[in-house]
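Topology and contacts: notes
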Amino acid sequence: MGPFVGIMPTVSRPVPTPVCHFTHVEHIAMIIKHGLLSDSKAQSTGLLLTEVGHRGIKGRRRSRRSRSGPAVPSATTRRSTSRPAAR
C-alpha cells in the first residue's frame, strides 16, 4: 500500500454544484407532497415504496459518518427557478 492510503484528496467543485437524483416513478407524488427526503428519512416514515439502487451500497452509506458541510435548504424551502413548482 502506498503512503496516501486513507487520505481523501481535496476536490474543487463548481458553485452552484449540479445535483442529480433518480427515483422510482412511484415516488414522484410523495416527493411533490413531502419534498425530497433522504432514503433514511423516507424509509423511517414509511414513504419509501420501492428501493432503487444497490441495497448493500445504500446500507453502508446510511451507517457511514460524513463530514458536515454548510447547511443546504431542503427541497420544500427552495425551488428551482428553471421551472414552476408543482401545484
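**Considering the pattern of salt bridges**
- Taken as a whole and assessed by the stated rule, the structure comprises 2 salt bridges.
- Taking the shortest distance from any N to any O, the salt bridge between Asp39 and Lys58 comes out at 2.7 Å. Taken together, the positions of Asp39 in helix 2 (residues 39-44) and Lys58 in helix 3 (residues 55-63) put the pair 19 residues apart, joining distant regions of the chain.
- By relative accessible area, Lys58 is classed as buried at 14%.
- In this structure, the salt-bridge partner of Glu51 is Lys58, at a minimum N-O distance of 2.8 Å.

**Quick word on the confidence of the model for the chain**
- Scored by pLDDT, the chain comes out at a mean of 74, with 64% of its residues at no less than 70.
- Looking across the chain, the model is least confident in helix 3, with a mean pLDDT of 82, and most confident in helix 1 (residues 28-34), with 91.
- A low-confidence stretch, residues 74-84 stays under pLDDT 50, and its non-local contacts, those more than four residues away or across chains, total 6 contacts.

**Looking at the side chain of His27**
- Looking at the secondary structure, you find His27 in the segment before helix 1.
- Within the local environment of His27, its side chain forms a polar contact with the backbone nitrogen of Thr50, the two atoms lying 3.1 Å apart.

**What to know about a nonpolar patch on the surface**
- Residues Val25, Ile28 and Ile32 make up a contiguous nonpolar surface patch of about 290 Å² in total accessible area.
- Looking at where Val25 falls in the secondary structure, it is placed in the segment before helix 1.
- Classification of Val25 by relative accessible area gives exposed; the value is 65%.

Analysis parameters
- Position labels on residues start from 1 in each chain and follow its written sequence.
- Local features in a predicted model are, by the rule used here, given only for residues with pLDDT of at least 70; side-chain atom pairs are given and counted only at 80 or more, and totals for whole chains, interfaces and linings are based on all residues.
- Neither water nor hydrogens contribute to the side-chain values; these are computed over all heavy atoms in the structure.
- Salt bridges are counted wherever a side-chain nitrogen of Lys or Arg sits within 4 Å of a carboxyl oxygen of Asp or Glu.
- Helix and strand assignments come from DSSP, with helices taken as H or I runs of at least 4 residues and strands as E runs of at least 2, each series counted from the N terminus.
- Relative accessible area decides the class of each residue, using a 1.4 Å probe on protein chains only: under 20% of the type maximum gives buried, over 50% gives exposed, and in between gives partly exposed.
- By definition, pLDDT measures how confident the predictor is in each residue, and it falls between 0 and 100.
- Contacts are assigned to residue pairs with any non-hydrogen atoms lying within 4.5 Å of each other.
- Think of a polar contact as two N or O atoms within 3.5 Å of one another; within protein, one of them needs to be a possible hydrogen donor and the other a possible acceptor, and neighboring residues in sequence only count if both atoms come from side chains.
- A patch consists of residues exposed above 30% relative accessible area that lack any salt bridge, with like charges linked at up to 9 Å and nonpolar side chains (Val, Leu, Ile, Met, Phe, Trp, Tyr) linked at up to 5 Å.
- Per-residue accessibility takes into account occlusion by the displayed protein chains alone, with areas from the Shrake-Rupley method and a 1.4 Å probe.

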